[in-house]
Amino acid sequence: MVQRVNYRRRLSYNTKSNRVRISKTPGGNLRYLHVGKHAKGPRCGDCGLALAGIPALRPKEYSRLNKSQKSVSRAYGGSRCSTCVRTRIVRAFLIEEQKIVKKVLKAQGKK
């Protein structure tokens, strides 16, 4: 016959926050072992890609990490992926170049 197992916390419904798995104790009894939720991890704000170099943890666990583990040592590190940062830098550079070209053309037009 199968041993009956009871929830070990107050919540007695099979919800997302109350996931369990059966575990056998050293004494030979079966016990419910509460399983935490899976973490999705941080994603790029522009393209939605998972950020490399940052662990996928639940929000509370990020408070236990130090700053270097929560971000990458780069501009927009921990917020945007490297590809999006590169495109931002190139776009800003091209816009500045365009402004200079416009200024030069305007100066030549006056002559």
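Scroll up for the structure.
Residues numbered from 1 in each chain as written. Predicted model: local features only at pLDDT ≥ 70, side-chain atom pairs only at ≥ 80, totals over all residues. Heavy atoms only, no water.

Break down a positive patch on the surface for me, citing the residues and quoting the values.
Side chains of Lys16, Arg19, Lys37 and Arg58 sit close together on the surface and give a patch of like positive charge. Following the sequence through the fold, Lys16 ends up in the segment before strand 1 (20–24). (Patch = residues over 30% accessible without salt bridge, like charges linked within 9 Å, V, L, I, M, F, W, Y side chains within 5 Å. Areas by Shrake-Rupley, 256 points an atom, 1.4 Å probe, with all protein chains shown as cover. Salt bridge = Lys/Arg side-chain N within 4 Å of Asp/Glu carboxyl O. Lys, Arg positive; Asp, Glu negative; His and termini not counted. Charge placed at Lys NZ, Arg CZ, Asp CG, Glu CD. Helix = DSSP H or I, 4+ residues; strand = E, 2+ residues; numbered from the N terminus.)

Account for the packing of aromatic side chains, with residues named and values stated.
As enumerated under the stated definition, the model contains 1 aromatic pair in all. The residue whose ring lies beneath Arg88 is Tyr76, and the NZ or CZ to ring-centre distance is 4.7 Å. (Phe/Tyr/Trp six-rings, centres within 6.5 Å; stacked < 30°, edge-to-face > 60°. Lys NZ or Arg CZ within 6 Å of the ring centre and 35° of its normal.)

Explain the pattern of salt bridges to me, using residue names and the numbers behind them.
Under the criterion given, the structure shown has 3 salt bridges. Across the pair Asp46 and Arg80 runs a salt bridge whose closest N-O atoms are separated by 3.1 Å. Here Asp46, found in the loop between strand 2 (30–34) and helix 1 (59–62), pairs with Arg80, found in the loop between helix 2 (67–70) and helix 3 (82–110); they are 34 residues apart in sequence, far enough to count as distant. Accessibility expressed as a relative area gives 42% for Asp46, which makes it partly exposed. In this structure, Arg88 and Asp46 form a salt bridge, with 3.2 Å as the shortest nitrogen-oxygen distance. Residue Arg88 is found in helix 3, and its partner Asp46 is found in the loop between strand 2 and helix 1; the two are separated by 42 residues along the sequence. Salt bridges sharing partners connect three or more residues here, namely Asp46, Arg80 and Arg88. (Buried < 20%, exposed > 50% of the residue type's maximum accessible area, 1.4 Å probe, protein only.)

Could you give an account of a nonpolar patch on the surface, naming the residues involved and the relevant values?
Judged by side-chain polarity, Val90, Phe93 and Leu94 come together as a nonpolar surface patch covering roughly 290 Å² of accessible area. Of note, Phe93 is situated in helix 3.

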